Each structure stands twice: as C-alpha cells, then as structure tokens.
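Structural description and commentary
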Amino acid sequence: MGIKKQIPNSITLLNLFCGCIAVIFAVQGHLELTALFVMLGIGFDFFDGLAARLLNAQSELGLQLDSLADMVTSGVVPGIVMYQLLTQVFGKPFYVIPGSWNSEQILASLDWSYLSLLGLLITLASAYRLANFNIDTRQTTSFIGLPTPANTLLIISIPLILKFQQEPWVVEIILNKWFLLVLTFLSCYLLNAEIPLFAMKFKTWGFAENKVRYVFLLLSITLLVLLKFVAIPVVILLYILMSLVVARGRKALL
C-alpha cells in the first residue's frame, strides 16, 4: 500500500493516541483535560474519513482501525467519565494501597460504591454498537442509532458544564444520582436503538443535497454561542429530532 493510502490510517492512529491520553486523564479524575483530548480525537476521527474519500484511499484495514480507535476514544473514555461522575454521588473511587500486593490489604482498601461501575455499561454498549456497525450494510450512508462520537460528546459535556457553568440548579440536577443513572441507561439505549440518523459526511458542498446538514450546523453553532457547554446535550437532542423528521419525510415520499 502506497504512502498516500496510509495518510488516513495515520490520522486514525492520532485519534487512538488522543484516546489513550484521555483514558489516563479520566482515570486520574482530570475530566476537563479528558474532554480536551476526546475532542481532539473526534476531530481526527472526522478528518480520517474525509482524507480517505479525498485520496480515494478507503480500505477494509482503515475501517477496522477506525473502529478500534473509536472503541478507546468514544467507548472506554465515556464509560470511565460516567464512572467518575457516579463516584461523586455514590462513594469514593477505587484505590489500592500503593506498593501492596497483599490480598487482604487490597480487599480492605476497596472503599467504593459498586453502583459507580454502572457507568462502564456505556463502554459495553459502545463496543456492541461498533461491532454491529461494521457488519450492518444499512449504515453505509447514514446511521442507525447514535454514533459513538456523538454519545461521547454528550457524556463529556457533563463535567464541562459542572466546571465552567456552575449554576446552582444545573449542578443540583447533574449531581443527582437518578439523573446520572438515567443518562447512563439512555446513552446505552440510544447507541443501539433502531433510530435512523443522518450522517455528517459531505460528498459535495452543494446546498440542495446538504441542506439538512447545513441547517443543523448553523443551529448548532448558534446554540454553542448562546449556551456554551450546555448546548452540547441540546445539540445531540436536536440531531436526533431532525433525523426523525428527515426519516419521516422520506417515508412519506415513498
């Protein structure tokens, strides 16, 4: 395979690299830095596909590599982030006494709530979605179920809102155990639900064939300017609603 065809794969590996760094920060509880590297990784995830189309370098290797990178950046990371958020409301995080290999001491150090582990359901649901995506021939030009990068943006928006938009009522809602649990299960459902969603892949730049994408981008930018990080979950909801309207319109034409 020529060097030109390796360019998209190299960009995909940058996605994986950012995902690995995000995992390290997420485990350490630095969720703002986690969000930064997740966003970088998702950016690379977008551009690897764009580069593959521009260079006519699509390959089965690239498809598998893309899913493996997404599994880390948009699968492992959001699960750990939700685990950390649930830990804030259910109990202290898992830790092991440094330098100890004694099983009794390790068991004694498990000062944590097992309910926090429910956050890792997002990782499991993401893995199932990515595996299913690779064999689902219906998802070549659009999506069925929420794409893992979109779901990850939804999850990482929560600590960003807590950090930078500390409205008392917002913090009270987010740090409610029922809110976080419902969000966890909703996330798992949306990833694998039979909901048709349009893809943000521009094959051409014309308005007629991309009007839904352009309208969505315009509304998203407006919401981000007005609401900042609170806009992220709103944009995800907008994406789902617009997709349902588009799908219903297509059915009406058939």
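Parameters and conventions
- Residues numbered from 1 in each chain as written.
- Predicted model: local features only at pLDDT ≥ 70, side-chain atom pairs only at ≥ 80, totals over all residues.
- Heavy atoms only, no water.
- 1 Å grid on protein atoms, 1.4 Å probe; cavity = no way out; pocket = protein on both sides within 12 Å on 5 of 7 lines; lining within 4 Å.
- Points joined across faces, edges and corners; volume = space filled by probe spheres on them.
- Helix = DSSP H or I, 4+ residues; strand = E, 2+ residues; numbered from the N terminus.
- Nonpolar A, V, L, I, M, F, W, Y, C, P; charged D, E, K, R; others polar.
- Expected span 1.5 Å × (residues − 1).
- Buried < 20%, exposed > 50% of the residue type's maximum accessible area, 1.4 Å probe, protein only.
- Arc of directions from axis to C-beta.
- Contact = heavy atoms within 4.5 Å.
- pLDDT = per-residue confidence, 0-100.
- Core = buried A, V, L, I, M, F, W, Y, C linked by side-chain atoms within 4.5 Å.
- Axes fitted to C-alpha atoms, helices over the stretch in contact; angles between N-to-C directions.
- Parallel < 35°, antiparallel > 145°, perpendicular 65-115°, else oblique.
- Left-handed = near helix turned anticlockwise from the far one by under 90°.

The calculated volume of the second largest pocket comes to roughly 470 Å³. What lines the second largest pocket is a set of 20 residues, and nearest its centre among them are L154, I158, F179, P233 and V234. Of all the secondary structure elements, the ones that give two or more residues to the lining of the second largest pocket are α6 (148-164), α7 (168-174), α8 (177-192) and α10 (231-253). For the lining of the second largest pocket, the residue count by class is 18 nonpolar, one polar and one charged.

Take Y83: it is sitting in helix α3 (residues 60-90). When the C-alpha positions of Y83 and L117 are compared, they lie 5.9 Å apart, and in sequence the two are 34 residues distant.

We now examine helix α5 (residues 121-135). Its 15 residues place the ends of α5 22 Å apart at the C-alpha level, agreeing with the 21 Å of an ideal helix rising 1.5 Å per residue. Considered for burial, the residues of α5 that qualify are I122, T123, A125, S126, R129 and L130. The buried residues of α5 occupy an angular sector of 160 degrees when projected down its axis, which confines them to one face. Turned more than 90 degrees from where α5 packs its buried face, L124, Y128 and I135 sit exposed. The elements touched by buried residues of α5 are α3, β1 (142-144), α6 and α8.

Another point: the confidence of the model for the chain. Looking at the chain as a whole, its pLDDT mean stands at 86, while 87% of the residues score no less than 70. The element-level mean pLDDT for the chain is lowest in helix α4 (residues 103-108), coming to 54, with α8 highest at 96.

Among the nonpolar cores identified, the biggest contains 50 residues, and V81, M82, L85, L146, L197, F216 and Y239 are the most heavily contacted of them. Beyond its immediate chain neighbours, meaning those up to four positions away, F216 contacts F198, M200, V235, L238, Y239 and M242.

The interhelical angle for the contact between helix α1 (residues 3-28) and α3, taken along N-to-C directions, is 15 degrees, at an axis separation of 9 Å. Classed by the angle they form, the pair α1 and α3 counts as roughly parallel. In this structure, α1 crosses over α3, and the sense of that crossing is left-handed. Among the residues forming the contact of α1 with α3, the class breakdown is 16 nonpolar, seven polar and two charged.

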